[in-house]
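Architecture at a glance
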Amino acid sequence: MEPYRNDRVPLRAADADRERVADALRRAVEAGRLTVDEGHERVERAYAAKTLEELAALTVDLPERPVAPTPASRADTGPIVAILAGANRTGRWVVPERLRVVAVLGSVELDLSEAAVARREVTIEAYAVLGAVELRVPEGVRVVLTGTAIAGSRECRLPTPPDPDALTVNVQAVALMGSVEVKRPKRRKLRRGRRG
């Protein structure tokens, strides 16, 4: 997962934002995700950061991302509805604390690979009525799948990460002759002409 970026002016970071990131970095050192030197260097950068984007970059490779570089837009926080159609949310986007997804005779795909998560625990309400909701989650993220399936299916094929402080995605599923499925992201194809 990567920090969300857009063309708007980066927002200034508050002291509370810097403190949340510093705490997350300390927990990463305790969990063995960062060395002591790496943690010390990142904590210093956190306290010197001026924007939310700078802070988000310090935890981009960690399961816990306590801040997002920009607030979620209405498009990100509103429900995602697909009726007799398909919808998706992929690439760089902000996962709100609670998101409702509805697929009626249609399909919705959510990919968290490059998403920014402002909270350590988020909830996705997934409703599939004669339709399908597919959630793709990268490694290191804990998924808790609950709910009901009537003449349908709900399935999570991902192992539970050992880190108790891992980013958690609660999926509350209702599948009525439909399916709600959680799986790994698709493998990316190399982009032609991509600069490395």
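Residues numbered from 1 in each chain as written. Predicted model: local features only at pLDDT ≥ 70, side-chain atom pairs only at ≥ 80, totals over all residues. Heavy atoms only, no water.

1. Remarks on the confidence of the model for the protein chain
Per-chain confidence: the protein chain averages 83 in pLDDT, with 85% of residues scoring 70 or above. Note that pLDDT drops below 50 for residues 1–9; the model gives that stretch 33 contacts with residues more than four away or on any other chain. For residues 70–75, every residue scores under 50 in pLDDT, and the model assigns this stretch 9 contacts once sequence neighbours within four places are set aside. (pLDDT = per-residue confidence, 0-100. Contact = heavy atoms within 4.5 Å.)

2. Some words on the environment of R26
With respect to the helices, strands and loops of the structure, R26 is situated in helix α1 (residues 15–30). Overall, the relative accessible area of 35% leaves R26 in the partly exposed class. Between the alpha carbons of R26 and H40 there is a distance of 8.4 Å; along the sequence they are 14 residues apart. Ignoring anything within four residues of it in the chain, the contact list for R26 reads E19, V43 and Y47. (Helix = DSSP H or I, 4+ residues; strand = E, 2+ residues; numbered from the N terminus. Buried < 20%, exposed > 50% of the residue type's maximum accessible area, 1.4 Å probe, protein only.)

3. Regarding the sheet that holds strand β9 (residues 142–150)
Taken in spatial order, the 5 strands line up as β1-β4-β7-β11-β9 in an open sheet, and their pairing is parallel. Two strands in the sheet have a free side with no partner beyond their single neighbour: β1 (80–83) and β9. With direction set aside, neighbouring strand axes in the sheet form an average angle of 10°. Sheet analysis places β1 next to strand β4 (residues 98–104), joined by 4 bridges and oriented parallel. Counterpart to A82 in the pairing with β4 is A103. (Pairing = 2+ DSSP bridges. Axes fitted to C-alpha atoms, helices over the stretch in contact; angles between N-to-C directions.)

4. Observations concerning the side chain of R136
With respect to the helices, strands and loops of the structure, R136 is situated in strand β8 (residues 132–136). There is a polar contact of 2.6 Å between the side chain of R136 and the backbone oxygen of R184. If near-sequence neighbours (up to four positions away) are discounted, R136 is found in contact with E109, L110, D111, L112, S113, K183, R184, P185 and K186. (Polar contact = N/O pair within 3.5 Å; in protein donor to acceptor, adjacent residues only side chain to side chain.)

5. Remarks on α1
Since the α-helix turns once every 3.6 residues, residues separated by three or four places project in the same direction. With 16 residues, α1 should reach 22 Å at 1.5 Å per residue; the first-to-last C-alpha distance of 23 Å fits that figure. Every buried residue of α1 is accounted for by D17, R18, V21, A22, A24, L25 and A28. Buried residues of α1, seen end-on, are gathered within an arc of 160° and therefore sit on one face of the element. Of the exposed residues in α1, those oriented more than 90 degrees away from the buried face are D15 and E30. Contacts made by the buried residues of α1 are with α2 (36–48) and α3 (52–58). Where α1 ends, the next residue or the one after it, G32, has phi of about 85°, a positive value. (Expected span 1.5 Å × (residues − 1). Arc of directions from axis to C-beta.)

6. Quick word on the sheet that holds strand β2 (residues 86–89)
Reading across from one edge, β2-β5-β8-β12-β10 is the order of the 5 strands in this open sheet, with parallel pairing throughout. The open sheet has two free edges, formed respectively by β2 and β10 (153–156), since each of these has just one partner strand. Neighbour to neighbour, the strand axes of the sheet diverge by 10° on average, direction disregarded.

7. A closer look at the pattern of salt bridges
As enumerated under the stated definition, the model contains 15 salt bridges in all. Close ionic contact of R45 with E41 constitutes a salt bridge, the shortest N to O distance being 3.3 Å. Taken as a pair, R45 and E41 lie in helix α2 at a separation of 4 residues, close to a single helical turn. Given a relative accessible area of 39%, E41 falls into the partly exposed group. (Salt bridge = Lys/Arg side-chain N within 4 Å of Asp/Glu carboxyl O.)

8. Looking at the nonpolar core
Of all hydrophobic cores here, the largest spans 30 residues; its most connected members are L110, L112, L135, V137, V169, V171 and V180. L110 has contacts with I80, R89, W93, L99, V101, I124, E134, L135 and R136, leaving out every residue within four places of it along the chain. Within the second largest apolar cluster, 14 residues are counted, among which are A28, V43, A49 and L52. (Core = buried A, V, L, I, M, F, W, Y, C linked by side-chain atoms within 4.5 Å.)

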